[in-house]
Amino acid sequence: MTEYHIYDLLWQITQKEKQTSEIQQLPKTFYDDINTFINSFNNKELTESDQSIKKNTTRMIMELFEKRKQKILIYSAYKKPLPQPAVPSEQEFYNKISETIKTTKLPNSDETKQKQTLKSLQAIPEIILPSGKKIGPLNKDQLLEMTDKNEDAEFLINNSLCVPV
């Protein structure tokens, strides 16, 4: 590919990526071609025009790369496969993200909160617990469900107001 063809292709792809929510097809050697194009400026004395082209190319490739990373993350989150043929480095990124999603489980709110049932030993008026929560009024032998074994449950047990069931 000629230098201007690569620059023009990069500009077109960058514009399409910005305008759509779907990931655009790229030639498999796209990133290698862009890298070669940028490195070609390192081997010669740069004119003002060359400096501008190199700067714009670098900016566009970064924009394109970030936009494509966002889209790949969305594809992975929705378990949607990448359009094929995919660029190998992007397919590898997609596979790693998908594997991480499969193996990493976020704690479920029901799993992290262990419920503890307490039984009141006496009638309790409305009181404010150490956490700032209000409970009561409670009757004698009334069951009270507490989430988490926390300072509130300990407070009620230590002050002989409730017993664990």
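So, how was this worked out
Residues numbered from 1 in each chain as written. Predicted model: local features only at pLDDT ≥ 70, side-chain atom pairs only at ≥ 80, totals over all residues. Heavy atoms only, no water. Salt bridge = Lys/Arg side-chain N within 4 Å of Asp/Glu carboxyl O. Helix = DSSP H or I, 4+ residues; strand = E, 2+ residues; numbered from the N terminus. Buried < 20%, exposed > 50% of the residue type's maximum accessible area, 1.4 Å probe, protein only. Expected span 1.5 Å × (residues − 1). Core = buried A, V, L, I, M, F, W, Y, C linked by side-chain atoms within 4.5 Å. Contact = heavy atoms within 4.5 Å. Axes fitted to C-alpha atoms, helices over the stretch in contact; angles between N-to-C directions. Parallel < 35°, antiparallel > 145°, perpendicular 65-115°, else oblique. Left-handed = near helix turned anticlockwise from the far one by under 90°. Nonpolar A, V, L, I, M, F, W, Y, C, P; charged D, E, K, R; others polar.

Asker: How should I be thinking about the pattern of salt bridges in this particular structure?
Answerer: Oppositely charged side chains can form a pair if their charged atoms are brought close together. For the structure shown, the criterion picks out 7 salt bridges. For the salt bridge of Lys 71 with Glu 17, the shortest nitrogen-to-oxygen distance reads 2.7 Å. One end of the pair, Lys 71, is in helix α3 (residues 48-77); the other, Glu 17, is in helix α1 (residues 3-19), and 54 residues separate them in sequence. Take Lys 71 and Glu 17: they sit in the same class, and that class is buried. Here Glu 66 makes a salt bridge to Lys 69, at a shortest N to O gap of 3.2 Å.

Asker: Would you mind showing me how to read unusual backbone geometry here?
Answerer: As a rule of thumb, non-glycine residues mostly have phi less than zero, and peptide bonds are mostly trans rather than cis. Of note, the amide linkage connecting Gln 84 to Pro 85 takes the cis form, showing an omega dihedral of 0°. The peptide bond linking Gly 136 to Pro 137 adopts the cis configuration, its omega dihedral lying at -5°. Structurally, Pro 137 is set in the loop between β3 (134-135) and β4 (143-147).

Asker: Help me understand α3 in this model?
Answerer: Each turn of an α-helix holds 3.6 residues, which means side chains three or four residues apart point in the same direction. Taking 1.5 Å per residue, 30 residues should reach 44 Å; α3 reaches 44 Å between its end C-alpha atoms and fits that length. The set of residues buried in α3 consists of Asp 50, Ile 53, Thr 57, Met 60, Ile 61, Leu 64, Arg 68, Lys 71, Ile 72, Tyr 75 and Ser 76. Backbone geometry just after α3 places Lys 79 at a positive phi near 55°.

Asker: Teacher, can you tell me more about the nonpolar core here?
Answerer: Within soluble globular proteins, side chains that are nonpolar generally end up buried alongside one another. The biggest cluster of nonpolar side chains holds 16 residues, and the ones touching the most others in it are Leu 10, Phe 30, Ile 34 and Ile 61. Of all the elements in the fold, those that place two or more residues in this core are α1, α2 (30-40) and α3. The dominant element in this core, judged by the number of residues it contributes, is α2, at 5 residues. The contacts of Phe 30, once residues within four sequence positions are left out, are Leu 9, Leu 10, Ile 13, Ile 61 and Leu 64. Membership of the second largest hydrophobic core comes to 12 residues, among which are Leu 129, Leu 138, Leu 144 and Leu 161.

Asker: What should I look at first to understand the packing of α3 against helix α4 (residues 88-103) in this one?
Answerer: Between two packed helices, both the angle of their axes relative to each other and the distance between the axes serve to describe the pair. Two numbers describe how α3 lies on α4: the axes approach to 9 Å, and their chain directions differ by 40°. As far as their axial angle goes, α4 and α3 are oblique. For the pair α3 and α4, the sense of crossing is right-handed. Packed against α3, whose contacting residues are Arg 68, Lys 69, Ile 72, Leu 73, Tyr 75, Ser 76 and Ala 77, the element α4 presents Glu 90, Phe 93, Tyr 94, Ile 97, Ser 98 and Ile 101 at the interface. A class-by-class count of the residues in the contact of α3 with α4 yields 8 nonpolar, 2 polar and 3 charged.

That is the geometry; function is a separate question.
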